[in-house]
Amino acid sequence: MMGRLVVLALLGYMTLPTVVVIVASFNPTAILSFPPDGLSLRWYENALTYPQFRRAAVNSLIVTAASAGLALPIGTAAALALVRYPVRLPGLWNTMLLSPLVIPGVAAGLGFLILAAALGLLANRIVLVAAHVVLVLPFVVRSVMVSVANLDPMLERAAASLGARPWRVFWRVTLPLLRPGLFAALLFAVIVSVNEFVVSLFVSTRVTEILPVAMFTYVVNYTDPTMAALSTLFIAATFVVVFLADRFLHLSRVFQIEERP
Amino acid sequence: MPAPPGRDGAPRRRPALGYTLLGPALVMLAILGIALGALLQFSVREFIPGSIQTGGLTDKNFRGVLAPHYLRYIWDTVVLSALTTVFTLAASYPVAYALARTASARVRSLLLILTLAPFFTGAIVRTYAWMLVLGNSFVRWPVKLLFEPEGVLIGLVHFSMPTMILILAAAISHIDPRYERAAASLGARPWRVFWRVTLPLSAPGIVSGSLVVFAWTFSAFPTPELLGGGRVKMIANVVKDLALDAFNWPGSAAFAALALVVTLALLVVTGRILGRHAT
C-alpha cells in the first residue's frame, strides 16, 4: 500500500508539468492564475498565427523530412551491412554508429558551427540537415538491426531459388519483411529531429531556425501562455505517437523489459 | 553475426558490398568527427576579438577554464550532476520496480507510456513546463525556486528519470523472482528481501544508470539555461554564452572539449561495466 502511494506520488511528479502546461494554455489572461477565471482559446490562435512560429514550423518540416528521408536509407543500409555481411570489426562500427547519442549537444553544436563557418555555409540549411541526420542515425540503425536479425534468410533463399533476381528479392521479400523495423526507425527519426534543440540552436539563424529554437527564443523574451498552447499541441501529438507505438511495436520489448507471467 | 558464405544463397554475399552499404553512414560519422576535430583544434587556438579567424597555438583557453569565476561554474556543474544522480536514483527505483514486477500488462503499459512520454516530449516543452510550475503563478512556494539551484535540480531530476527508470527496470526484470521467493520462504521480511536480495542483484543497473545520468547531466543545457535564468550556470551554458553571445569560439571550444572528454570517459567506464555483466 505504502509502495503504491510512493509510485503514484512519483508519477504525479513526472506528469505535473504536463498538467500545468495544459491548464495554463486555456488561461484567459496573459498573467497566469490558478484556478483560472475562465477558459480561452486565444493563445492557441496566437501560437498558430505568430509569424516566427509559422516560419519555424515550415523549417522544421523541411529539416525533419530531409533528415529522416536521408537517415532512413543510410541507416538501413548500415544495419543490413552489420547484420548480414562479413565486414571486419562489426563491434567497432556498431559502437561508432551509436556514438552520436553520447556526444554532448553543445560540443557537437559548436563543432558543426565552426565547420559551417569554415565552409562558408553559416546560414545554410544543409548544415542543419547534416547534423540532424547524424543525430538520428543511431535510432534508425538500432531499430532496423533488430528487424534484420529477426528476419529468416530462408524466405529470401526461397525467392532466389524460384528464380527472383537479387534486386527483386530485396524489393519484394526483404524490404516488406523489414516493414515494422523501418516504421519504428522512421518514428524515432521524426520524433528526435522534430524535438532536437541544442545542436540546432548553434547552427541556425533567425531565418533557418526550427520550432524548438523559436520556442526557446519566445520563452526567453515573453511570458504569456502562447508557449503553453504550442506546448500542449506538442504534448498531445507525442502522446498519440507513443500510444500508437506501444500498440503496434510493444515498447517493453524495444526497451528489453522482460515480461514475466 | 555474419552467416557462413552461401547460407542465404543470393549472389549478394560479397564482403565488398558490406562496406559499400556501410559507406554512407560512415561518411555522416566522418562529418561529425571532422566537426569535433575542428572544435578541439579551436580550443588550442588564440581568440582574435571581433573575428571568427583564430591566431596561433595557445593554452590560454584552457587556462581560462580554470579562472576563478569559471571554476565556480564547473564546481556547480559537478555538484548539480552528483545531486541529480542521487535524487534521480531514489525517485526512479520505485517506479522501475513497479514497472518490472507488475503482473498486469495494462499497468505495465500505462507505466511505460507515462515514463516515455516526457522522454519524447522535447526539452524545451518540458523545461518551459517547469518554469510555469516553479514560478509563483500556480503555487506559492515557501522558498524561491525559479532561477535558483534548487529549481534547476528539480528540473534536472525530472529530465533524467525516464532514462534511469528504463535502465533500472531492465536490470530488475532480469532478476529471477525465485531468489526473492526463496529468501521470503526462509523467513525474511519483505524489506529484508528487498534490501538483501533485490537491491544487490540490481547493482549493475544502479551503477550504469547513475553513470549515464551523471554524464548526461554534466553537459545539460536547456534545463539550467531556462530554469537557471542566467543566475545558475553549468558548463554547457558557459559554452553557449561564449560561442553565441561573445563570439569567442576558441574559449567556448575549451569548455565544450571539457564536457566532451568527461562525458565520453564516464560512458566508456559504463560500457566496461555493462560489458562485464552482459550474459
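Residues numbered from 1 in each chain as written. Chains lettered and ligands numbered in written order. Predicted model: local features only at pLDDT ≥ 70, side-chain atom pairs only at ≥ 80, totals over all residues.

*Asks:* Outline the overall build of chain B, supporting the account with residue identities and numerical values.
*Replies:* Each helix and strand in chain B was counted, giving twelve helices and two strands. The secondary structure elements of chain B, listed N-terminal to C-terminal, are α-β-β-α-α-α-α-α-α-α-α-α-α-α. Taking the principal axes of its C-alpha atoms as reference, chain B extends roughly 70 × 70 × 30 Å. Per-residue burial over chain B gives 47% buried out of 279 residues. (Helix = DSSP H or I, 4+ residues; strand = E, 2+ residues; numbered from the N terminus. Buried ≥ 20, exposed ≤ 12 C-beta atoms within 10 Å, placed from the backbone.)

*Asks:* Give a description of the interface of chain A and chain B that names residues and reports values.
*Replies:* Bring the parts together and some accessible area is lost; that lost area is often taken as the interface size. The interface of chain A with chain B comprises 83 residues on the first partner and 80 residues on the second. Sorting elements by how many residues they give to the side of chain A that touches chain B places helix α1 (residues 2–25) of chain A first, with 14 residues. (Contact = placed C-beta atoms within 7 Å.)

*Asks:* How would you explain the environment of Leu132(B) if you had to name every residue and give the values?
*Replies:* With respect to the element layout, Leu132(B) can be found in helix α5 (residues 123–134). Here Leu132(B) falls in the buried class, since 24 other C-beta atoms lie within 10 Å of it. Separated by 91 residues in the primary sequence, Leu132(B) and Thr223(B) have C-alpha atoms spaced 13 Å apart. In this structure Leu132(B) touches Val20(A), Val21(A), Ala24(A), Leu32(A), Ala228(A), Ser137(B) and Phe138(B), once residues within four positions along its chain are discounted.

*Asks:* If you had to explain the environment of Val133(B) to someone new, which residues and values would you point to?
*Replies:* When you line up the elements, Val133(B) lands in helix α5. Spatially, the C-alpha atoms of Val133(B) and Leu146(B) are 8.8 Å apart, while their sequence positions differ by 13 residues. With residues near it in sequence (within four places) discarded, Val133(B) still touches Leu16(A), Pro17(A), Val20(A) and Phe138(B).

*Asks:* Any details on the domain arrangement of chain A? Residues and values, ideally.
*Replies:* All names here are of chain A. For chain A, the assigned domains read domain 1 (1–42 + 224–261) and domain 2 (51–221). The C-alpha centroid of domain 2 is placed 27 Å from the C-alpha centroid of domain 1. Contact with domain 1, which involves six residues of that partner, is made by eight residues of domain 2. Each residue belonging to the side of domain 1 that touches domain 2 can be placed in one class, and the counts come to five nonpolar, one polar and no charged. (Domains from an automatic or database assignment. Nonpolar A, V, L, I, M, F, W, Y, C, P; charged D, E, K, R; others polar.)

*Asks:* An account of helix α4 (residues 105–120) of chain B is requested, with residue identities and associated values reported.
*Replies:* An ideal rise of 1.5 Å per residue puts 22 Å on 16 residues; α4(B) measures up with 22 Å between its terminal C-alpha atoms. Among the residues of α4(B), Arg108(B), Leu111(B), Leu112(B), Leu114(B), Thr115(B), Leu116(B), Pro118(B) and Phe120(B) are the ones counted as buried. (Expected span 1.5 Å × (residues − 1).)

*Asks:* Which residues make up the confidence of the model for chain A, and what are the values?
*Replies:* Averaged over every residue, the pLDDT of chain A is 88; the share at 70 or more is 95%. Looking over chain A, one finds the lowest element-wise mean pLDDT in helix α13 (residues 251–254) of chain A, namely 62, and the highest in helix α10 (residues 198–203) of chain A, namely 96. (pLDDT = per-residue confidence, 0-100.)

*Asks:* An account of helix α7 (residues 153–161) of chain A is requested, with residue identities and associated values reported.
*Replies:* Residues and elements named next belong to chain A. Along α7, the residues classified as buried are Glu156, Ala159 and Ala160. In an axial view of α7, the angular spread of the buried residues amounts to 100°, which keeps them on one side of the axis. What points out from α7, more than 90 degrees from its buried face, is the exposed set Met154 and Ser161. Looking at the buried residues of α7, the elements they touch are α8 (166–177). Remark: glycine 163 follows α7 within two positions and exhibits a positive phi of approximately 105°. (Arc of directions from axis to C-beta.)

*Asks:* Can you break down the packing of helix α5 (residues 105–119) of chain A against helix α11 (residues 235–245) of chain B residue by residue, with the values?
*Replies:* Between α5(A) and α11(B), whose axes approach to 10 Å, the crossing angle comes to 20°. In terms of orientation, α5(A) lies roughly parallel with respect to α11(B). Where α5(A) crosses over α11(B), the two elements pack in a sense that is left-handed. Residues Val106(A), Leu110(A) and Leu113(A) of α5(A) pack against Ala236(B), Val239(B), Lys240(B) and Ala243(B) of α11(B). (Axes fitted to C-alpha atoms, helices over the stretch in contact; angles between N-to-C directions. Parallel < 35°, antiparallel > 145°, perpendicular 65-115°, else oblique. Left-handed = near helix turned anticlockwise from the far one by under 90°.)

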